[in-house]
Each structure stands twice: as C-alpha cells, then as structure tokens.
2 protein chains.
Amino acid sequence: MSHKNDDFKSALTVNEGIPQPPSVNLDSVKHFKSKIRKQLSVDEYVSGILQQNRTILSQAITLIESSLPKHQEIAQKIIELCLPHTKDSVRIGITGVPGVGKSSFIESIGMHVTTSGHKLAVLAIDPSSERSGGSILGDKTRMEQLSAHPGAFIRPSPSAGSLGGVARKTRETIYLCEAAGFDVIFIETVGVGQSETAVHSMVDFFLLLMLSGAGDELQGIKRGIMEMADAIAITKSDGSNVDKASRAKSEYQSALHLFPSTDSGWNPKVLTCSAHNNIGIADIWNIIEEYISLTKENGFFKSNRIKQSSYWMHQTIQEGIKSHFYENEKIKNKINSIEKEVLSSKISSFEAAQALLNEYFRKD
Amino acid sequence: MSHKNDDFKSALTVNEGIPQPPSVNLDSVKHFKSKIRKQLSVDEYVSGILQQNRTILSQAITLIESSLPKHQEIAQKIIELCLPHTKDSVRIGITGVPGVGKSSFIESIGMHVTTSGHKLAVLAIDPSSERSGGSILGDKTRMEQLSAHPGAFIRPSPSAGSLGGVARKTRETIYLCEAAGFDVIFIETVGVGQSETAVHSMVDFFLLLMLSGAGDELQGIKRGIMEMADAIAITKSDGSNVDKASRAKSEYQSALHLFPSTDSGWNPKVLTCSAHNNIGIADIWNIIEEYISLTKENGFFKSNRIKQSSYWMHQTIQEGIKSHFYENEKIKNKINSIEKEVLSSKISSFEAAQALLNEYFRKD
C-alpha cells in the first residue's frame, strides 16, 4: 500500500464529513489541530495508536463513533489490527446518580491510579440525549487535575444514540485504548437507566457510588443495580457527614450480606470515602486490586471476559435482526394495529406475535 | 359446524397423537376418562371452559402444551374465543428454592384463599428437564387437601422445553383458567434459574419464600430476584425456628429498606409464617390484597398488565426471529468457527456479529 496514494485519497476526502472529536476534547489536541483535518490511512491510525499517540487515538475513536459506513469500515479495520496488541487491563464500571460526586471521585481515584504508574482511560456510557448534571461531558472541565495528567485520557460520551449503538462504540473504544497502552479503563454511567446492565457486561469490576443518609427516593438508583455491585462506596464522608456515612456503610454491609453469593466468589464490599479530603480513595483501589487478584486466581476473570465477548457477539446479532424486523415496511404497516388488539385483549400476545412473524417471513 | 362431523373426525384422529394430560393429573379426572380420548370441537372446548368444566380445561391446556401444529392451531382458536371471557383475577408469582417448603406453603395459603371463596389455579414454570425436589409435579401428591378442594385446580409443569416456550404455555394457560372462572392464579417457580424474570413479567404480585438462618450458599436464590419481590415470606417459623425467623425478618426488612423504590409505589414487606401451624398465612394474603387495592387505585395494576402484554408480544417476536436466525443452515455452518475467533481475540464481537448478519441477510 503506497502512502502517497493514501495521502492523495485523504486530500480528496477532506470535505466529506470526516467526524471531528467533540469540541470539548479540542483543548488537549490543540497542538495537532492542523493534523485533524487530514484523514490517515488504516496503517497510520494503527501505528499511531500503538505508539500511544493520543491525538490519533482520539481521531480513531471519532471514526468508531461516526455513523457513516465509510468511517465504520475504516474503524473496523483499525480495531481488527489493534486487537492482537491490546494489553492486560482492568476494566472498571463506575455508576452513581447525578449529585453523588462522581466526577470528584473519578478525579481523586484517577489521580491515585495514575500516580501509582498506571495509564488510565476514562470513558462514559450515557445514551440519553439530555445530558444533565451527571454527564462526563460537563464533568471533564471539573476534572482539571486528571485531564492535565499525562497518564490519563478522558473521552466524553459519544453522541446520543441507541443503547446498543453506544455500548458497541464504548466496547470498541476500550480495545483501542488498551492497544494504546492504557491498562486501567473506567467506564462511567449515571445509574438511572438501562446502561448499567450494558456496562456490567463489559467490565471486570462494578463500583456503585451512593450517598449516605439520602432516602430511597433521593438515591434514584434503578432496582437491580445494587445486586450487580462488587463494591459500594459511600461518597462525601467528610465534615458532619462522617457519622452518617459510617452508619450507611454498616446498613449496606448487612444488606449485601443477605444477597445471594456471586459467581465470582467475591464478597461485595462497602466503603466510605471523601474525594474532597482524599480519604478512603486508596482503600477502594486496594479493594479493586484484591478483587482482580482473587478472580485471576480462581479463573473467574478470564471466564467472565470470554462470556462477555460471546454475550456481545450474540447481543449484536440479536439487535441486528431486531432492527431488520422492526424496520420492515410490512411490519411497520401492521404492528400498531395488531398491538392495539393485544392491549384491548382481543387477541393474545402470542397470536399477535405469530401473525407478525408470518407476515415478516412470508415470501412475496 | 356439524357436531356429527366433528365426532367423525375425532374418531379418526384418536390415534394421531392427541396429547394426554400428564398421568399425575388423571386422578382428578378419572370419572371422565372415557371422554379424554375424544377430541372436541373448538366450540365444545370453549363452552366447556366457560362452564367451568375442569376436565375440558385440562384437555385444552394439554393442547396448549402440545408441539403438534394441528393442536397449536386449535389451541390458538380456543384462546382467542376465551379471551373476551377472562375474569378479573389476581396473578401471583411464588418462588423459592427446593427445601423452602413451597408446596406446604402453597397448600396452606391455597386453602385460605379457597375457603375465603376464591377459585384458585396453581400453575408452574419449571423449564429444567430435571425435576428434583422443588417441582410441583412431585409436590402435587403432597398438596392433598388443596388438590381435593373443589375451588382449586392444580396443574403440573408442562413438559420441559425452552424457557420461552414454557412461558408462552403458562401465559396461555392463565387465560384459559381465567375464562374458567379462576380469580386467583398462583405461578410457582424454583427461584434458581432464568424463569423468575419470565414469571415476574406475567404476574401482578411476586412473592419470594426464604428460609431463616440459612447462609447465602444454602439459599441458592439467583442474584437480582430479591429486588423483584413485592414481599418476602420467611417460612418454617415454628418450634425452635421462631426466633431465627423473626431475626431474619428484621434483617431482610432493613435490607429492603435500602433498595430503590418500586414503580408500583409499594414498599415490599417481609413476613414470617408457618405452614405447618397455619400461622402468618392469612397475613400474607392480607398483604397481597392490600397491594392489589393500592395498585388498582394508583393505576399501576392496569398499566403493568398492559406493559406485560406488550412485553410478551415483542418477546415472542424476538424469540421467533432469533430461532429463525440460529437455525439457518448458513449460520449453523459458520457460527462456531467465528465465535472461536472472537474468543481468541482475533476479531471483535461486533465484527463477528456483522459477518454473520451479512451472511444471513445475503440474497443467494
């Protein structure tokens, strides 16, 4: 493959809608601004990523996030060539509602992790189109220390889209980050929607941030999320909050004790912390390391990763055939009226489904 | 439609594999044994069901459970004609691991419910092929009082099959039971598999039975089930167990208190009971009635039923297109080798899925 040729091609494609990284990301790449407009070849992307060039990494992620088929094609090639180079990493899901202090927590534990010599990538899954308080997009400006740290890479959420789409983009972004040498990956989510199951299915460790003393209503966490947690951290345990946080800790501890045991052989832990005073942060990281060594030893770490890869393959297949079905013109014309008959108990759910399936598979 | 003709047809079809109710069910229908061999017309089935003839109800359920297309066709017609006649009912999911005392509990609360003038149908979802201790099939003989009660109808699990298939059969059986005047439906499940989500999606109230004092390991309940429960009943609260049960009650109570609030506006309750001494059983039924009136008042009861109908329509569609995909010859030939490449990190889960989708949708 001649690079000259590729340069020529990329010159031609300059104005064809090459996606740009979200503007908030531009500060960190301002020195390379002139380069962004130039589309690289697949090989250039891959070698840039392997050389840990984070501008090129950013651009490649932007291709992953693009919905243009042309970009998708390049992105898939980049991922394929990067896959053999992904390093051993630890993937950690961090969830908590807006107001729990997620960005301060990530800044604080992120500084601890990078200072200990790790390279940290912070990604987010937030498929809602309204990005209120909790989103990393707004938070990045608040993670001042961490975003300036040479060992950290913070990537705002991809633009809103279906959960399936966003999950795919995030998982592919993980691969590129790992190929670029990041050995700790945080995936942030806001804990109020469907995203947590998706995040749980792509991480090794799932951390739930909770406030002390807030009533159930205020917590706003979706039911079922607590049972996914490998650890719960009670945030803002400082000042007059310390006692409340420690009470909350023992309450959650007894609650978790009543939960059925996990497949990983790990007993979920509850901790308190204060990002503000940098207290308890190192302990949380120690707990994560303890979990990783336990599950690497008992084989769960590896078997879980394998299960996740298989899960995502089948999940993507199922989403593909689903959207093919629901976007079928014959189905679109019929489904609403049939669903109405179901909801008014004229026909059963199963008969309705069967009628639609017959329509879909009928050879015209 | 001439009945003569139907009699003639059914005489012809006698040996064509008309499914028989499982033998355990035969005691209750022994007086009608001669009739079982005769296939009725759709109208005869429907009027038999509406006249609350439980032999005919049993036979119709057997048609639902049959995998023969001919039986499925008749079954669907019966369901369609029964649907407008389904009565107001309360559907209750009851789950708990083998050993928790599920059959004694169902016998005890079932007697309470029928004595209060309700007509009770007890169904089961248990898609596992191994029916050890916990299955209603074995338990029926132990529910001596209840199975002899004229107000109760106990139906053993349909034969093993896919969860989707069993769930469909159970949901369709609910319709027929409701058309036959049963106004309380229990759906039993063993609490260790995937069935609980299915049951949760077809009931109004979800009751979890737990043992006191047993360690996490012994409980064996799958994670996530506790958060589905509208009530937890600690069973076997008798003799030397009373104190332990009451301690377990307060522990679970504080645990539930920490859970996020429910969509129904209901605060899940914890109770203790002894089926053996018939203590606490009426209280559990009161709690269920309280829940039903709360959710009927706040609209959740109806909106949840509508959501469930829609859920099952889409769920059935998705299972239909999934099995069409996975049973496709081209896919069957390729999927294993492609999945191997995913598991050995040669290609990404998404690329693999895309390759299989392309293969599936490719016009030959």
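Model, not experiment: these values are computed from the prediction.

All right, on to the overall build of chain A then. The helix and strand inventory of chain A stands at 16 helices and seven strands. The 364 residues of chain A split such that 44% are buried. Within chain A, residue pairs in contact and separated by at least 24 positions form 75% of the contacts whose partners lie at least 6 positions apart.

Residues and elements named next belong to chain B. If you trace the seven strands from one edge of the open sheet to the other, you get S3-S2-S4-S1-S5-S6-S7, paired in parallel fashion. The strands lining the two open edges of the sheet, one partner per strand, are strand S3 (152-154) and strand S7 (269-272). Strand-to-strand twist across the sheet, computed as the mean angle between neighbouring axes with direction ignored, equals 20°. Two elements, strand S1 (residues 90-95) and strand S4 (residues 184-189), share six bridges in a ladder whose sense is parallel. Looking at S4, one finds that Thr95 is bridged to Thr189. Strands S1, strand S2 (120-124), S3, S4 and strand S5 (205-210) of the sheet are contacted by helix H6 (residues 102-115), whose axis makes an angle of about 160° with S2. Docked against the sheet, helix H13 (residues 281-297) engages S1, S5, strand S6 (231-234) and S7, running at close to 160° with respect to S7.

This brings us to the pairing of S1(B). Residues and elements named next belong to chain B. The element S1 is extensively covered by neighbouring structure, given that six of its six residues are classed as buried. The alternating pattern of S1 places Val90, Ile92 and Ile94 and Arg91, Gly93 and Thr95 on opposite faces, both of which are buried. Taken together, the four bridges between S1 and S5 define a ladder with parallel strand orientation. Directly across from Gly93, in S5, lies its bridge partner Phe206.

Turning our attention to the nonpolar core. Formed by 166 residues in total, the largest nonpolar core has its most connected members in A:Leu176 and B:Leu176. Among the nonpolar cores identified, the runner-up in size contains 22 residues, and A:Met313, A:Ala353, B:Ile335 and B:Ala352 belong to it.

Right, let's get into the interface of chain A and chain B. On the chain B side, the residues contacting the 53 residues of chain A number 53 residues. The set of elements that each furnish at least two residues to the side of chain A that touches chain B consists of helix H5 (69-82), helix H9 (163-179), helix H11 (216-219), helix H12 (242-258), helix H14 (300-326), helix H15 (329-343) and helix H16 (349-361) of chain A. Per-element tally for the side of chain A that touches chain B: the top contributor is H14(A), with 13 residues.

Our focus in this paragraph is the relation of the copies chain A and chain B. Take chain A, turn it by 180°, move it 0.0 Å along the axis, and it overlays chain B with an RMSD of 0.0 Å. Such a combination of rotation and displacement between the chain copies is what one expects of a two-fold axis. Distance from the rotation axis, computed per C-alpha, reaches its smallest value in chain A at A:Ala255: 2.2 Å. Here 100% of the contact residues of chain A are again contact residues in chain B; the copies associate through an equivalent surface.

The next point concerns the packing of H16(A) against helix H14 (residues 300-326) of chain B. It is the contact of H16(A) with H14(B), at a shortest axis distance of 8 Å, that shows an interaxial angle of 40°. What the angle tells us is that H16(A) and H14(B) run oblique. For the crossing formed where H16(A) meets H14(B), the hand is right-handed. Across from A:Ser349, A:Phe350, A:Ala352, A:Ala353, A:Leu356, A:Leu357 and A:Phe361 in H16(A), the residues of H14(B) making contact are B:Ser309, B:Trp312, B:Met313, B:Thr316, B:Ile317, B:Gly320 and B:His324.

What follows deals with helix H15 (residues 329-343) of chain B. Residue and element names in this part refer to chain B. Over its 15 residues, H15 extends 22 Å from the first C-alpha to the last, a length consistent with the 21 Å expected when each residue adds 1.5 Å. The largest bend in H15 comes to about 40°, at Ile335. Taken from the residues just after H15, Ser345 is the one with a positive phi, measuring 60°.

Its 14 residues place the ends of H6(B) 19 Å apart at the C-alpha level, agreeing with the 20 Å of an ideal helix rising 1.5 Å per residue. Across the 14 residues of H6(B), 10 count as buried, placing the element largely inside the fold.

So, on to the confidence of the model for chain A. Residue and element names in this part refer to chain A. Confidence in the prediction for chain A averages 82 pLDDT; 79% of positions are at 70 or higher. Taking the mean pLDDT of every element in chain A, the minimum, 33, falls on helix H1 (residues 3-13) and the maximum, 97, on helix H13 (residues 281-297). Low pLDDT, under 50, characterises residues 1-36; the predicted model gives this stretch 36 contacts beyond four residues in sequence or across chains. Below a pLDDT of 50 lies the segment residues 129-139, which in the model reaches 21 contacts outside its immediate sequence neighbourhood of four places, other chains included. Here the complex is predicted with pTM 0.75, and the ipTM for its interfaces comes to 0.76.

To continue, consider the environment of B:Gln318. Residue and element names in this part refer to chain B. Here Gln318 lies in helix H14. On the basis of neighbour count, Gln318 is assigned to the partly exposed category, with 17 C-beta atoms found within 10 Å. C-alpha of Gln318 to C-alpha of Ala124: the two residues are 194 residues apart in sequence and 23 Å apart in space.

Whenever strands of a sheet pair, they do so through backbone hydrogen bonds, lying parallel or antiparallel. All names here are of chain A. Taken together, seven strands build an open sheet; the order of strands is S3-S2-S4-S1-S5-S6-S7 and the sheet is parallel. Strands at the two margins of the open sheet, each flanked by one partner only, are strand S3 (152-154) and strand S7 (269-272). Between one strand axis and the next, the sheet turns through 20° on average, direction left out of account. The pairing of strand S6 (residues 231-234) with S7 spans four bridges and is classified as parallel. Bridging across to S7, Ile232 finds its partner in Val270.

Assignment of secondary structure puts A:Glu178 in helix H9. Distance from A:Glu178 to A:Ile321, taken between C-alpha atoms, is 30 Å for residues 143 residues apart in sequence.

Next up on the list: the packing of H15(B) against helix H16 (residues 349-361) of chain B. All names here are of chain B. Following both chains from N to C, one finds H15 and H16 inclined at 170°, their axes separated by 10 Å at the closest point. Considering their axes alone, H15 and H16 lie roughly antiparallel with respect to each other. Across the interface between the two elements, Lys330, Ile331, Lys334, Ile335, Ile338, Glu339, Glu341 and Val342 from H15 touch Ser349, Ala352, Ala355, Leu356, Glu359 and Tyr360 from H16. Grouping the amino acids of the contact of H15 with H16 by side-chain chemistry returns eight nonpolar, one polar and five charged.

Residue and element names in this part refer to chain B. Among the six residues of S4, six are classified as buried, and the element is accordingly described as predominantly covered. The side-chain alternation of S4 yields two buried faces, one formed by Val184, Phe186 and Glu188 and the other by Ile185, Ile187 and Thr189. Judged from the five bridges that link them, S2 and S4 form a sheet pairing that is parallel. Bridge pairing links Leu120 to Val184 in S4.

Residues and elements named next belong to chain B. Phi at Gln52 takes a positive value of approximately 65°, unusual for a residue other than glycine. Along the chain, the position of Gln52 falls in the loop between helix H3 (42-50) and helix H4 (54-65). Note on Gln52: 14 C-beta atoms within 10 Å, which makes it partly exposed. Unusually for a residue other than glycine, Ser345 sits at a positive phi of about 60°. The topology assignment puts Ser345 in the loop between H15 and H16. Judged by C-beta crowding, with 14 C-beta atoms within 10 Å, Ser345 ranks as partly exposed.

The rules behind each value
- Residues numbered from 1 in each chain as written.
- Chains lettered and ligands numbered in written order.
- Predicted model: local features only at pLDDT ≥ 70, side-chain atom pairs only at ≥ 80, totals over all residues.
- Helix = DSSP H or I, 4+ residues; strand = E, 2+ residues; numbered from the N terminus.
- Buried ≥ 20, exposed ≤ 12 C-beta atoms within 10 Å, placed from the backbone.
- Contact = placed C-beta atoms within 7 Å.
- Pairing = 2+ DSSP bridges.
- Axes fitted to C-alpha atoms, helices over the stretch in contact; angles between N-to-C directions.
- Core = buried A, V, L, I, M, F, W, Y, C linked by C-beta atoms within 7 Å.
- Least-squares fit on C-alpha atoms with pLDDT ≥ 70 in both.
- Parallel < 35°, antiparallel > 145°, perpendicular 65-115°, else oblique.
- Left-handed = near helix turned anticlockwise from the far one by under 90°.
- Expected span 1.5 Å × (residues − 1).
- Bend = angle between axes of the 7 residues up to and from the residue.
- pLDDT = per-residue confidence, 0-100.
- Nonpolar A, V, L, I, M, F, W, Y, C, P; charged D, E, K, R; others polar.

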